[in-house]
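# Architecture at a glance
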Amino acid sequence: MNDQYDRFAISPAADFDSRLWSQLEARLGADQHHAAGSPKQVEILTIETGSTDARHDKWRLGKIALALAASIALVLAAAVMLRHDDNQRSSTELRDVDPAEALPLGRRAFITADALGSRWREQEMFTEAVYTEQTAATIAALPECADLTATGLFTPTTKSVAARQSFSPGRNFVGHTVFVFATEEDASRAMDVINGDVYPNCSFNFFDRLIPLGSTLGTDTSTSEAWDAPAFTAHGERLVVIGQHAKLVGPDATVDAYFVNAYVQVGRAISWINPMASPTAGDSQFAVNKAITATATALDAVFGH
């Protein structure tokens, strides 16, 4: 040890992080080795001449300052890690929704039967148990549809609630569902999925399983495929339209039905409605747009900014 320097060993305070202390010791050891060759270039640790008590007080203050700095560094590092984990989760996973809060809001965004026409009446179609059962059958047939529960579009899910309605004037029908999510961002992610490649086929398969279970059309089987629906006026904050051609086979006849699956987003909610259209009759587009306007208006009254 060069006699120009005084050095002594100490133990870290109880509240000083052991990893930081190890790094400090390693650094001091490296500096000491370098100082032995050129003592005038590096100071390792110097103690001013003075009383023992003064030196002790200075060292105690130094230890406290180092311990405090280490504690602050650890707290900040933990905060950064938690923030990173939360950001990572929020970018890939929707938040859970509170059904007790969200479901009443969805029902407030229901439409009335006369919004569709004077002959329309609201009616009960299926229980939630039936929806869950047929969802499971769809996922078993098309495993790629399993991710739809994580985006709140298939039941059972914790990512949304679904308030459902059904209407019929006789042998026709319209379904209407209001999905309510925890946040507007979650609803936007769900709309991205609806507008993607997987969702249409999953929704068609699910639809085809439900139709034979309903008595409105007396249909034995339904087979659906994509159909290029006409363009419609923009509604809400975002509108996605999925055209569907369903071949409905009953005991007496086969019917080619064309559905306009319209998904409208307003805030944290998405409404779905599926009025029938004719691929040739121009007046059917007016009826479809009337149905879309009705659900968009009801949605905006509850979830609009």
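Residues numbered from 1 in each chain as written. Predicted model: local features only at pLDDT ≥ 70, side-chain atom pairs only at ≥ 80, totals over all residues. Heavy atoms only, no water.

### Quick notes on helix α4 (residues 128-141)
Taking 1.5 Å per residue as the helical rise, α4 with its 14 residues ought to reach 20 Å, and the 20 Å between its terminal C-alpha atoms agrees with that figure. Of all the residues in α4, the buried ones are Val130, Tyr131, Gln134, Thr135 and Thr138. Seen from one end, α4 has its buried residues packed into an arc of 135 degrees, which puts them on one side. Projecting away from the buried face of α4 at angles above 90 degrees are the exposed residues Ala129 and Ala140. Of the surrounding elements, those touching the buried residues of α4 are β2 (160-168) and α6 (199-210). (Helix = DSSP H or I, 4+ residues; strand = E, 2+ residues; numbered from the N terminus. Expected span 1.5 Å × (residues − 1). Buried < 20%, exposed > 50% of the residue type's maximum accessible area, 1.4 Å probe, protein only. Arc of directions from axis to C-beta. Contact = heavy atoms within 4.5 Å.)

### With respect to the packing of aromatic side chains
Following the criterion strictly, the structure yields 8 aromatic pairs and no others. On the basis of an interplanar angle of 80 degrees and a centroid distance of 5.7 Å, the ring pair of tyrosine 199 and tyrosine 263 is categorised as edge-to-face. Within this pair, whereas tyrosine 199 is found in helix α6, its partner tyrosine 263 is found in strand β6 (residues 254-266), the two being separated by 64 residues in sequence. Ring centres 5.1 Å apart and planes at 65 degrees place the aromatic pair tryptophan 227 and tyrosine 258 in the edge-to-face group. One end of the pair, tryptophan 227, is in the loop between β4 (221-226) and β5 (238-249); the other, tyrosine 258, is in strand β6, with 31 residues separating them in the sequence. Each member of the pair, tryptophan 227 together with tyrosine 258, is buried. (Phe/Tyr/Trp six-rings, centres within 6.5 Å; stacked < 30°, edge-to-face > 60°.)

### Side note on the state of the cysteines
All chains considered together, the criterion is met by 1 disulfide. Covalently, cysteine 145 is tied to cysteine 202 through a disulfide, its sulfur atoms 2.0 Å apart. Disulfide cysteine 145-cysteine 202: the torsion about the S-S bond is -90 degrees, which places it as left-handed. Remark: cysteine 202 occurs in helix α6 and cysteine 145 occurs in the loop between α4 and β2; sequence separation between them is 57 residues. By relative accessible area, cysteine 145 is classed as buried at 0%. (Disulfide = S-S within 2.5 Å.)

### Comments concerning the pairing of strand β7 (residues 269-273)
Of all the 5 residues making up β7, 5 are buried; the element is thus mostly covered by neighbouring parts of the structure. The alternating pattern of β7 places Ala269, Ser271 and Ile273 on one face and Ile270 and Trp272 on the opposite face, and all of these are buried. Relative to β7, strand β3 (residues 174-181) runs antiparallel, the two being bridged by 5 bridges. Bridged to valine 180 within β7 is alanine 269. Pairing of β6 with β7 involves 5 bridges; the strand directions are antiparallel. Note that in β7 the partner of valine 266 across the bridge is alanine 269. (Pairing = 2+ DSSP bridges.)

### Structural notes on the side chain of serine 203
One can find serine 203 in helix α6. Among the residues examined, serine 203 registers a relative accessible area of 14% and is labelled buried. Of note is the side chain of serine 203, whose polar atom sits 2.7 Å from the backbone oxygen of proline 200. (Polar contact = N/O pair within 3.5 Å; in protein donor to acceptor, adjacent residues only side chain to side chain.)

### Remarks on the layout of surface pockets
In this approach, a probe sized like a water molecule rolls over the atoms, and the result shows the empty space that is left. Of the voids in this model, the largest pocket is the one considered here, and its volume is about 330 Å³. In terms of lining residues, the largest pocket is bounded by 15 residues, among which Leu116, Trp120, Asn172, Met276 and Ala287 are the most central. When contributions to the lining of the largest pocket are tallied by element, the ones reaching two or more residues are β8 (276-277) and α7 (283-303). With 3 residues, the single largest contributor to the lining of the largest pocket is α7. Split into classes, the residues belonging to the lining of the largest pocket amount to 9 nonpolar, 5 polar and 1 charged. (1 Å grid on protein atoms, 1.4 Å probe; cavity = no way out; pocket = protein on both sides within 12 Å on 5 of 7 lines; lining within 4 Å. Points joined across faces, edges and corners; volume = space filled by probe spheres on them. Nonpolar A, V, L, I, M, F, W, Y, C, P; charged D, E, K, R; others polar.)

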